[in-house]
Amino acid sequence: MTDSKVHSNIIFSQQIDIELRKIVQKYPIGKVFLLTDQIASGFCLPLIQEVIDEFSIRYVAIPSGEENKNIQSVGLVWDFLSNNAADRKSLLINIGGGMLTDLGGFAASTFKRGLDFVNIPTTLLAQVDASLGGKTGFNFNGLKNEIGVFMEPNSVIINTNFLKTIDRNNFLSGYAEMLKHGLIKSREHWDELLTFDMQNIDYDELQEIIAHSVAVKEWHVLNDLREQHIRKALNFGHTIGHAFESYAMKTGRPILHGYAVVYGMIAELYLSAKQCGLGIDELNSISAWMIAKYGKFEIQESDFEALYQLMTHDKKNEGKRINFTLISEIGQVEINVDCSKELIIEALLYYKNI
Ligand code: GLY
């Protein structure tokens, strides 16, 4: 099977009950299950209560939060499926943020060697990134998404009404992945993200922008599901970003994923200027815009070595080399770029002094 045949169906709808009914009715009664977490269950289940009742859908809620994205929670889902006689003809519906759709996707993909699953992402980060593209998994031994498989959901239902209640930090965290999509693939998308009014959000306009971002993500996934080549573009900002995220966690100052990606993008834009010809003016103006919106995670020169060591453990590395995705201009990406340790330290210095 070629990658281009395995994409899932992405549906934008403000009425998830209608879309869900269309999907659920294709499965035997009693063989549809629903996974959510303790936070999402409160506001999501009422929206689909009629469908739950009509099709006798059984559901389970696991504890919320990144700290619960572990094998114990996966075990809870497997137990639930097993105790309720799920089989290969069953469907699992995952409703929640990125942690939930990643973990639920993994549990579904591995139970009895795989059953169908549908994602209904409830955060901006999950709607533009995590719930799409088939990266499923959980954290293990303190390493993010260390265990997982590539398996595309059958459908993803995106309801932007969920975004009306997410807090500003989580909104910005998801927005960071959209900014990344603009930088790697489309100046037009980048420009619309920069001019979008984040103070007085127009939700119709937001849905359109989200659709553009989803299209960028899907283009990469369709062309390279298993990240052998062009999907690596989606890692822009993440090599240094993941180091920031882990370091922030280790030092007791945790930051949201998207914030770490923004700080990673600033350092990687510096590398882009040095290695790929990105203009210095562009580097400085993008970095200033990002810091104005996201603030700063303060670091000292004494933190650089620890950050560098974290980058050497990135699972995307091949052998000893740290594998960077950089840009030569907005919308033009270069994958598999090598950078020396000295240059990476310079990039951290650029970030620190900004
Ligand atoms: N979040 C990056 C990817 O899905 O490849």
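Placed above this text is the structure.
Here we summarise the structure given alongside this text. (Residues numbered from 1 in each chain as written. Predicted model: local features only at pLDDT ≥ 70, side-chain atom pairs only at ≥ 80, totals over all residues. Heavy atoms only, no water.)

**Quick notes on the packing of helix 8 (residues 187–195) against helix 9 (residues 203–223)**
Close contact between helix 8 and helix 9 brings their axes to 11 Å; oriented N to C, the two are set at 145°. For helix 8 against helix 9, the interelement crossing comes out left-handed. On helix 9, the residues that touch H189, E192 and L193 of helix 8 are I209, H212 and S213. Within the contact of helix 8 with helix 9, the residues separate by chemical class into 2 nonpolar, 3 polar and 1 charged. (Axes fitted to C-alpha atoms, helices over the stretch in contact; angles between N-to-C directions. Helix = DSSP H or I, 4+ residues; strand = E, 2+ residues; numbered from the N terminus. Left-handed = near helix turned anticlockwise from the far one by under 90°. Contact = heavy atoms within 4.5 Å. Nonpolar A, V, L, I, M, F, W, Y, C, P; charged D, E, K, R; others polar.)

**Describing the site of the ligand**
Around the ligand, a shell composed of D129, K135, K217, E227, R231 and L234 is seen. Note that an oxygen atom of the ligand is positioned 2.7 Å from one of the side-chain N or O atoms of R231. When grouped by side-chain class, the residues that make up the shell around the ligand number 1 nonpolar, no polar and 5 charged. (Near = heavy atom within 4 Å. Polar contact = N/O pair within 3.5 Å; in protein donor to acceptor, adjacent residues only side chain to side chain.)

**Overview of the side chain of H189**
Mapped onto the elements of the fold, H189 is located in helix 8. Excluding anything up to four places from it in sequence, H189 contacts M178, H181, G182, I209, H212 and S213.

**Remarks on the packing of helix 7 (residues 168–185) against helix 9**
Where helix 7 meets helix 9, the closest approach of the two axes is 10 Å, and the angle between their N-to-C directions is 55°. Compared by their axis directions, helix 7 and helix 9 come out oblique. For the element pair helix 7 and helix 9, the recorded crossing hand is left-handed. In this structure, helix 7 contributes F171, M178, H181, I184 and K185 to the contact, and helix 9 contributes L206, I209, I210, S213, V216, K217, W219 and H220. (Parallel < 35°, antiparallel > 145°, perpendicular 65-115°, else oblique.)

**Thoughts on unusual backbone geometry**
Even without a glycine there, the phi angle at R113 is positive, about 65°. Following the sequence through the fold, R113 ends up in the loop between helix 5 (98–110) and strand 5 (116–121). Of note in this structure, N145 is not a glycine but carries a positive phi near 50°. Positionally, N145 belongs in strand 7 (residues 143–150).

**Remarks on the pairing of strand 8 (residues 155–158)**
Residue alternation in strand 8 divides its side chains into two sets, S155 and I157 and V156 and I158, and both sets are buried. Pairing of strand 1 (residues 9–12) with strand 8, which is carried by 4 bridges, proceeds in the parallel orientation. If you follow N9 over to strand 8, its bridge partner there is S155. As defined by bridge partners, strand 5 adjoins strand 8 across 2 bridges and the pair is classed as parallel. If you follow N119 over to strand 8, its bridge partner there is V156. (Buried < 20%, exposed > 50% of the residue type's maximum accessible area, 1.4 Å probe, protein only. Pairing = 2+ DSSP bridges.)

Function cannot be inferred from these measures alone, as they are strictly geometric.
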